[in-house]
Amino acid sequence: MNPTESKQPQPGLTHLNQSGEAHMVDVTDKLVTEREARAEAFVAMAPDTLALILSGQHHKGDVFATARIAGIMAAKKTSDLIPLCHPLALTRVEVEIEPQAAQNRVHIRTLCKLSGKTGVEMEALTAASVAALTIYDMCKAVQKDMVIEQVRLVEKKGGKSGHFQLNAGAGENA
């Protein structure tokens, strides 16, 4: 860092202390509220790869079932993967996987919920990311140029920052 640059944190960056150093946010005094987050990801692939998955003939087994379980497990392990995330007692994790044959891709949607002091956005995003990575891993022997894209938060509810929702229809038309 240049000595003339300020070490003051940027407004809104909660994971920086007064000295500009990374730290875990103290949530001790926050209220326990119901919190929910939804995320999505897409895996673009060749029509033959998608057809192989859908036929159930993939030599590694049920790709979507494995990806769904991987996403759920990842949500539960987010604090082990992302520095400064709080360990959370998730009460619900869902991973939905929908083939979109017309677009030669798979759409992954996740939902994470809890009653707690901090949000579940990172858990929902981690679930979507790891489900997508699992699909890639299981199919890479068939196709190495698959593309994981548009991993993003779709909606979050609860907490001090309130409700966020991605522009209506953006997830379906992406």
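The structure displayed is predicted, hence computed values, not measured ones.

**Q** Where do I start with the environment of Pro-47 in this structure?
**A** In this structure, Pro-47 sits in helix α1 (residues 47-55). A C-alpha to C-alpha distance of 5.5 Å links Pro-47 and Asn-104, two positions 57 residues apart in sequence.

**Q** How should I be thinking about the pairing of strand β3 (residues 105-116) in this particular structure?
**A** The element β3 is extensively covered by neighbouring structure, given that 9 of its 12 residues are classed as buried. Pairing geometry for strand β2 (residues 92-100) and β3, over 9 bridges, is antiparallel. Pairing of Gln-100 across the sheet is with Arg-105, part of β3. Hairpin geometry of β2 and β3 is characterised by an intervening segment of 4 residues between the two adjacent antiparallel strands and by a positive phi of about 55° at Asn-104.

**Q** Would you take a moment to explain the sheet that holds β2 for this structure?
**A** The pairing of strands in a sheet happens through backbone hydrogen bonds and is either parallel or antiparallel. Across the sheet, which stays open at both edges, the 5 strands sit in the order β2-β3-β1-β4-β5 with antiparallel pairing between neighbours. Only two strands of the sheet have a single partner each, and these edge strands are β2 and β5 (164-165). With 12 bridges connecting them, strand β1 (residues 33-44) and β3 associate as antiparallel partners. Across the sheet, the residue bridging to Ala-39 is Thr-110, located in β3. Against the sheet, helix α2 (residues 63-76) contacts β2 and β3, and its axis sits at roughly 145° relative to β2. Where helix α4 (residues 121-139) meets the sheet, it contacts β1, β2, β3 and β4 (147-157), and its direction lies at approximately 25° from that of β1.

**Q** How do you make sense of the confidence of the model for the chain when you look at a structure like this?
**A** Residues with a pLDDT of 70 or more make up 82% of the chain, whose mean pLDDT is 86. Within the chain, β2 carries the highest mean pLDDT (98), whereas helix α5 (residues 170-173) carries the lowest (46). Confidence drops under a pLDDT of 50 for residues 1-10, and excluding neighbours within four residues, the segment shows 12 contacts in the predicted structure.

**Q** Can you walk me through the UniProt feature "active site" (unreviewed entry) in the chain in this structure?
**A** In the numbering used here, UniProt assigns the feature "active site" (unreviewed entry) to Asp-137. Mapped onto the elements, Asp-137 comes out in helix α4.

**Q** I tried to follow the side chain of His-107 on my own but got confused; where do I start?
**A** Assignment of secondary structure puts His-107 in strand β3. With relative accessibility at 0%, the residue His-107 sits in the buried group. Here Arg-109 takes part through its side chain, which lies 2.9 Å from a polar atom of the side chain of His-107.

**Q** Mind showing me how you'd approach the nonpolar core here?
**A** Across soluble globular proteins, nonpolar side chains show a tendency to be buried alongside one another. Counting 29 residues, the largest nonpolar core has Met-45, Ile-97, Val-106, Ile-108 and Ile-135 as the members making the most contacts within it. Those elements giving two or more residues to this core turn out to be β1, α1, α2, β2, β3 and α4. Setting aside its immediate chain neighbours within four residues, Ile-108 contacts Ala-39, Glu-40, Ala-41, Val-43, Val-95, Glu-96, Ile-97, Ala-128, Ala-131, Ala-132 and Ile-135.

**Q** Quick question: what am I supposed to make of a nonpolar patch on the surface here?
**A** Together, Leu-133, Ile-148 and Val-151 make up a nonpolar patch on the protein surface, roughly 220 Å² of accessible area in all. As for its position among the elements, Val-151 is in strand β4.

**Q** I'm lost on the packing of α2 against α4 in this one. Help?
**A** Helix packing geometry: the angle between the two helix axes and the distance between the axes. Between α2 and α4, the shortest axis-to-axis distance is 7 Å and the interhelical angle comes to 145°. The crossing of α2 and α4 is right-handed. Judged by residue contacts, Val-63, Phe-64, Thr-66, Ala-67, Ala-70, Gly-71, Ala-74 and Ala-75 of α2 engage Glu-123, Thr-126, Ala-127, Val-130, Ala-131, Thr-134, Ile-135, Met-138 and Cys-139 from α4. For the contact of α2 with α4, a count of residues per class yields 12 nonpolar, 4 polar and 1 charged.

Parameters at a glance
- In this numbering scheme, every chain counts its residues from 1 along its sequence in written order.
- Per-residue local features are limited, in this predicted model, to residues with pLDDT of at least 70; the limit for side-chain atom pairs, both in listing and counting, is 80 or more; totals at the level of whole chains, interfaces and linings are taken over all residues.
- With hydrogens and water excluded, all non-hydrogen atoms of the structure serve as input to the side-chain values.
- Only runs of H or I of at least four residues qualify as helices and only runs of E of at least two qualify as strands under DSSP, and these elements are numbered from the N terminus.
- Throughout, exposure labels follow a simple rule: accessible area from a 1.4 Å probe, protein chains only, divided by the maximum for the residue type, with under 20% read as buried, over 50% as exposed, and the rest as partly exposed.
- We call two strands paired when DSSP finds no fewer than two bridges between them.
- The contact criterion used throughout is that any non-hydrogen atoms of two residues lie within 4.5 Å.
- All axes are obtained by fitting lines to C-alpha atoms, using only the stretch in contact for helices, and the reported angles, taken between N-to-C directions, cover 0 to 180 degrees.
- One confidence number per residue, pLDDT, is output by the predictor and ranges from 0 to 100.
- UniProt positions are given in the numbering used here, feature names are shortened, and annotations may be inferred rather than shown by experiment.
- N or O atoms within 3.5 Å of each other form a polar contact, as long as, within protein, one can give a hydrogen and the other can take it, and as long as residues adjacent in sequence are counted only when both atoms are side-chain atoms.
- Nonpolar cores are built from buried Ala, Val, Leu, Ile, Met, Phe, Trp, Tyr and Cys residues. Side-chain atoms within 4.5 Å join them into one set.
- Patch definition: residues with relative accessible area over 30% and no salt bridge; like charges joined within 9 Å; nonpolar side chains (Val, Leu, Ile, Met, Phe, Trp, Tyr) joined within 5 Å.
- Only the protein chains shown count as covering a residue, and every accessible area follows the Shrake-Rupley method with a 1.4 Å probe.
- Only one rule defines a salt bridge in this text: a Lys or Arg side-chain nitrogen within 4 Å of an Asp or Glu carboxyl oxygen.
- Left-handed describes a crossing whose near helix is turned anticlockwise from the far helix through less than a right angle; right-handed describes the clockwise counterpart.
- Amino acids are sorted into nonpolar (Ala, Val, Leu, Ile, Met, Phe, Trp, Tyr, Cys and Pro), charged (Asp, Glu, Lys and Arg) and polar (every other residue, Gly among them).

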